[in-house]
Structures are given as structure tokens and as C-alpha cells.
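# Architecture at a glance
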Amino acid sequence: MERLRFDVFVENPQGATTKIHHDEEKLVQLFEEPVSWPYPYAYGFVLGVESGEGDCLDVFVIIDDPIPSGTRLTCSAIALLEQWQNDEEDHDVIAVPSDEFDRADAIDLDEVRRRITTHMSEVFSHDPDRTIRVGEFLPASAAEALVRGEKLPGSR
């Protein structure tokens, strides 16, 4: 079965201890802010796809090699993590580079979920005005639906 491919812009490399913010249209860095927990995987957004919060749809890229900030990749989804920031829907696509999709079956999704959930519970612990609630890990089809601009059942 052919997987949906989409373009991702990496804002934060794996291990980053600051959150790098970019203008999502011009792809230029705007500012950085400290985080309380390093990024477990490269983190960025799906180019041109709006999320529930109005910014581009967020994505974690599961890859062994380091990916620097500013890198553009073509990816395919392997899961979707439900997430709400300050009660606003802000789900995260979990993806791999499309040219590495054949290794996706070897990825331990339980370990990925554990690492991302730990990150999400700690990343803004220094900022009492930000709350993050993590939900379920949904299948790749749910992530692909969001990338196509469809709403998930129960979404606002």
C-alpha cells in the first residue's frame, strides 16, 4: 500500500534544550526559548498543513541520524499522538523519512510513546501558564487524515 508523503520542516533537532520558533511560511528563525526537557526526536511541522491550534501540524521525526534545524524532509506517518496544550487540540504526527519507511515495522512504538510522553509532561514544567495533556497513540491513518486536512471524530 502506498503511504501518504508530506513535507516536514525540522525546527528542533533531537536533544535540543531550546524550542526554536520559525515563521512557518518564510521558514526563517524568529526566536528560541528554553525548555525543561530535551527533545527526544527531531521536531517540526508539516509544511502548509494547519493544526487545531492554527499553527502548522506538529511532527516528531523518528530517525537515527541527527537532523539539524532548518532541514526539509519528505516523511510518512507511522502514528498520531493526541495532545492538548492549554485545552487546545495540538496533536503530533509521528513520522519517519519516506525513504526509510521500510524500517518502520522495527520501531518500538511503545518506547516512542514513552519518550514523547515524558518529554511532553516535562518540556514546559518551568512555565505554569502552559499545560499539556497527552492522550492516545492513534494509527497512521489518523495522522494521514489530519495531513489531508480532515477532522478526527470528536475534534473541535
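Fair warning: this is a prediction, and the values are worked out from it, not measured in the lab.

### Overview of the packing of aromatic side chains
By the definition in use, this model includes three aromatic pairs. Here F9 and F45 contribute two aromatic rings whose centre-to-centre distance is 5.4 Å and whose plane-to-plane angle is 35 degrees, an arrangement assigned as tilted. With F9 in strand 1 (residues 6-12) and F45 in strand 4 (residues 42-50), this pair connects stretches of sequence that are 36 residues apart. Judged by its relative accessible area of 0%, F45 is buried. Between Y43 and F60, the ring centres sit 4.7 Å apart and the planes meet at 55 degrees, which makes this aromatic pair tilted. With Y43 in strand 4 and F60 in strand 5 (residues 56-61), the pair connects residues that are 17 residues apart, well separated along the chain. The buried category is assigned to Y43, whose relative accessible area is 7%. Members of the aromatic cluster, connected to one another through ring pairs, are Y39, Y43 and F60. Sitting over the face of the ring of F124, R130 holds its NZ or CZ atom 4.0 Å from the ring centroid. If you follow R133 out to its NZ or CZ, it ends over the ring of W84, 4.1 Å from the centre.

### Some words on the nonpolar core
With 24 residues, the main nonpolar core has F6, V61 and V93 as its most contacted residues. Listing elements by their share of this core, those giving two or more residues are strand 1, strand 4, strand 5, strand 6 (72-85), strand 8 (92-97) and helix 2 (140-147). Here F6 is in contact with V46, L73, T74, C75, S76, A77, V93, A95 and V147, once residues within four sequence places are set aside.

Rules and cut-offs
- Residues numbered from 1 in each chain as written.
- Predicted model: local features only at pLDDT ≥ 70, side-chain atom pairs only at ≥ 80, totals over all residues.
- Heavy atoms only, no water.
- Phe/Tyr/Trp six-rings, centres within 6.5 Å; stacked < 30°, edge-to-face > 60°.
- Helix = DSSP H or I, 4+ residues; strand = E, 2+ residues; numbered from the N terminus.
- Buried < 20%, exposed > 50% of the residue type's maximum accessible area, 1.4 Å probe, protein only.
- Lys NZ or Arg CZ within 6 Å of the ring centre and 35° of its normal.
- Core = buried A, V, L, I, M, F, W, Y, C linked by side-chain atoms within 4.5 Å.
- Contact = heavy atoms within 4.5 Å.

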